[in-house]
Amino acid sequence: MAGPQKNFYLLLEISLDPPEHDSKAIEKAIKKKQAQWSREQMLGSSEAQLYLGLLPEIRRALADPD
């Protein structure tokens, strides 16, 4: 596994080796990070705003089992 998908696992702080495949666990991690990033965005974090914008791509990438 390489590229952005690997980074998404790290960004969400979920298992990369072996990769997490449980869709409920992935969605739980996404929701947790989304709440964190929303709080950080309200404090002016441009990085949090970037991550929130990536959520659709993160969901697509991690939904693909390959």
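Definitions and cut-offs
- Residues numbered from 1 in each chain as written.
- Predicted model: local features only at pLDDT ≥ 70, side-chain atom pairs only at ≥ 80, totals over all residues.
- Heavy atoms only, no water.
- Helix = DSSP H or I, 4+ residues; strand = E, 2+ residues; numbered from the N terminus.
- Buried < 20%, exposed > 50% of the residue type's maximum accessible area, 1.4 Å probe, protein only.
- Core = buried A, V, L, I, M, F, W, Y, C linked by side-chain atoms within 4.5 Å.
- Contact = heavy atoms within 4.5 Å.
- Axes fitted to C-alpha atoms, helices over the stretch in contact; angles between N-to-C directions.
- Parallel < 35°, antiparallel > 145°, perpendicular 65-115°, else oblique.
- Left-handed = near helix turned anticlockwise from the far one by under 90°.
- Nonpolar A, V, L, I, M, F, W, Y, C, P; charged D, E, K, R; others polar.

How should the environment of E57 be read in this particular structure?
For E57, the position within the fold is in helix α3 (residues 46-63). The exposure class assigned to E57 is partly exposed, which follows from its relative accessible area of 35%. With 35 residues separating them in the primary sequence, E57 and D22 have C-alpha atoms 18 Å apart.

What is the right way to read the nonpolar core from this model?
Of all hydrophobic cores here, the largest spans 15 residues; its most connected members are L12, I14, I30, W37, L55, I58 and L62. Broken down by secondary-structure element, the contributors of at least two residues to this core are α1 (4-12), α2 (23-42) and α3. Considering each element in turn, this core owes the most residues, six residues, to α3. Setting aside its immediate chain neighbours within four residues, L62 contacts Q5, F8, Y9, L12, I14 and I26.

What is the right way to look at the packing of α2 against α3 in this model?
How two helices sit against one another is set out by the angle between their axes and by the gap between those axes. Put simply, α2 and α3 touch, their axes get as near as 9 Å, and they point 165° apart. Overall, the two elements α2 and α3 adopt an arrangement that is roughly antiparallel. Crossing handedness for the pair α2 and α3: left-handed. Taken together, the residues of α3 that come into contact with α2 (itself represented by I26, E27, I30, K31, Q34, W37, S38, E40 and Q41) are A48, Q49, Y51, L52, L55, I58, R59 and L62. Considering only residue class, the contact of α2 with α3 consists of nine nonpolar, four polar and four charged.

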